[in-house]
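Observations on chain architecture
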Amino acid sequence: MRLFLNHFHHCSNVFIRRQFSLSYRNSNLFQSLYNHFQYGKKAKKLALERGIDLNNLTPEQQIKLQSVLRLKKTFRVVNIVMALMAITGTIIWYRRRQNLFEKNKEINEEFQPIWMNLKYFKQKCALIKNYLLPEQIIGKLNEIQHFQFNSNDCICASFPKSGTTLIQEIVYLIQTNFDYESAKKIDISERFAFIEWPTVKLQKLTQNQQRFFKTHLPPTFFNESFTKAKIVYVYRNPKDVTVSLFHFLRSINIELTYSGPWNEFVRSFLIDEVYYAPWWKHVNDYYAMNETICCISYEDLLRDFRGSVRRLAKYLGKEKELTEEQLDKLEKWCSFDSMKNNPKVNYDWFKDWGFVKKSFSFLRKGQIGDWLNHFDVQQSKEYDQMVSTRLSPLVPRFNYGISQEDQQKLYDFDAKRQT
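The structure displayed is predicted, hence computed values, not measured ones. (Residues numbered from 1 in each chain as written. Predicted model: local features only at pLDDT ≥ 70, side-chain atom pairs only at ≥ 80, totals over all residues. Heavy atoms only, no water.)

1. Re the overall build of the protein chain
Helix and strand counts for the protein chain come out as 19 helices and 8 strands. Sequence-distant contacts, at least 24 apart, represent 72% of the contacts inside the protein chain between residues at least 6 apart. Per element, the accessible surface of the protein chain, about 22500 Å² overall, is 52% carbon and sulfur. (Helix = DSSP H or I, 4+ residues; strand = E, 2+ residues; numbered from the N terminus. Contact = heavy atoms within 4.5 Å. Areas by Shrake-Rupley, 256 points an atom, 1.4 Å probe, with all protein chains shown as cover.)

2. Focus: the sheet that holds strand S7 (residues 230-235)
Within the open sheet, the 5 strands sit side by side as S5-S6-S4-S7-S8. Their pairing is parallel. Each edge of the open sheet carries a strand with a single partner, namely strand S5 (193-194) and strand S8 (294-297). Where S5 and strand S6 (residues 212-215) come together, 2 bridges link them in parallel fashion. Bridge assignment links Phe194 to a residue of S6, and that residue is Lys214. Its contacts with the sheet put helix H14 (residues 305-315) on S7 and S8, and the angle it makes with S8 is roughly 165 degrees. (Pairing = 2+ DSSP bridges. Axes fitted to C-alpha atoms, helices over the stretch in contact; angles between N-to-C directions.)

3. Quick notes on a nonpolar patch on the surface
Judged by side-chain polarity, Ile80, Leu84, Ile87 and Ile91 come together as a nonpolar surface patch covering roughly 360 Å² of accessible area. As for its placement among the helices and strands, Ile91 is situated in helix H4 (residues 66-111). (Patch = residues over 30% accessible without salt bridge, like charges linked within 9 Å, V, L, I, M, F, W, Y side chains within 5 Å. Salt bridge = Lys/Arg side-chain N within 4 Å of Asp/Glu carboxyl O.)

4. Some remarks on the state of the cysteines
By the definition in use, this model includes 0 disulfides. Here Cys156 stays unpaired: no disulfide links it, and the sulfur of Cys154, its closest cysteine neighbor, is 5.3 Å away. Classification of Cys156 as buried rests on a relative accessible area of 0%. (Disulfide = S-S within 2.5 Å. Buried < 20%, exposed > 50% of the residue type's maximum accessible area, 1.4 Å probe, protein only.)

5. Regarding H14
Think of an α-helix as 3.6 residues a turn; residues three or four steps apart then line up on the same face. Every buried residue of H14 is accounted for by Phe305, Ser308, Val309, Leu312, Ala313 and Tyr315. Each buried residue of H14 lies within a common arc of 155 degrees when the element is viewed along its axis, so the set occupies one face. In this structure, the buried side of H14 is in contact with helix H7 (164-175), S7, S8, helix H13 (298-303) and helix H15 (324-333). Two residues or fewer past H14, Gly317 is found with a positive phi of approximately 75 degrees. (Arc of directions from axis to C-beta.)

6. Comments concerning the confidence of the model for the protein chain
For the protein chain, the average pLDDT comes to 83, and 77% of its residues sit at 70 or higher. Considering only residues more than four positions removed or in separate chains, one finds that residues 1-30, a stretch of pLDDT under 50, has 51 contacts. (pLDDT = per-residue confidence, 0-100.)

7. Overview of helix H11 (residues 262-270)
Inspection of H11 places Trp262, Phe265, Val266, Ser268, Phe269 and Leu270 among the buried residues, and these make up the whole buried set. Directly beyond the C-terminal end of H11, a positive phi value near 65 degrees is found at Asp272.

8. Looking at the environment of Ile167
By the secondary structure assignment, Ile167 is in helix H7. Considering only alpha carbons, one finds Ile167 and Tyr233, 66 residues apart in sequence, at a separation of 8.7 Å.

Okay, here's the thing in structure tokens:
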């Protein structure tokens, strides 16, 4: 009995952990049980259609349907097990929510967040150190503040939807001397620890081996050991960031979802009321570290892939190992079509867990200038104003997929049309 209970408790923990983690391994546990349950219902319905009452069988029918009756008993056991697992899972979930609540109390005392309910955003945010962070990650800040990085660590940082997945794949392959076999076998969410994700236990990560991290947090939330690691920051023009982030948040079903219209989202971005905002401060803070970290624009990765990879390899100390043949293979591997169809990086398993809508595509377009299909002239001008007045002059001019001359022509044409 003790062995059964231990196994039962483990299964419930698997359910809770997989539901809230960024890993899809063993995700078919409940799906298999559900399929068995559905199969049992269909079998019962088919029997009734044929005039067979499984509860009142004749002796002859009992002999003929012996295998079906055994299956019926099995389904009863499965139903009981599922019910017990659901109850245990609910209890574990409730306890974890209570623990998170207690941790948030500690955060309140140390970081003194200003809690805000944002328009059309399902989850409230906390303003901490002049950044707006989603409630989901607040309980993790204490652990992050005390976590120690080392010189073997590699961190891919970014504002959300700025090319994070692409830079992760490039960094991983360069750092592992182009180990494509492991990249084919291991999901990117397993290769990179998402630092602020609630279920990632940083203290359990092995110290002596090479570690890969991903984060959207700005540098102010880390201690001094942060700069010991190799930090690669990828950034993107804010107009395309807004489009990509809008479609992403509209497609997900978890707490971070956004339900408002496009124009309201643009307004929220401009007044710094989206997750991890302000965007301009995020870029400024990382670019202020440009002497010690590697900052790469997403547009450069698309327009000058080889030059960007060479610069990145030099920063990582791998430039000598980088050959033309390796660049050829890496460029094909990291092309948009290849990444979009690669199950180890495209997060399609989000659909299996119901995290996103069925139409969801984590890698949506990957283009420069898709904002031209969404922005009106006034919105574009407001973003230009934000960049010119708030972004540090150290940050190079953005590639918007259109020349400044052509953009100005559009502005002039619109002005004439309005008169």
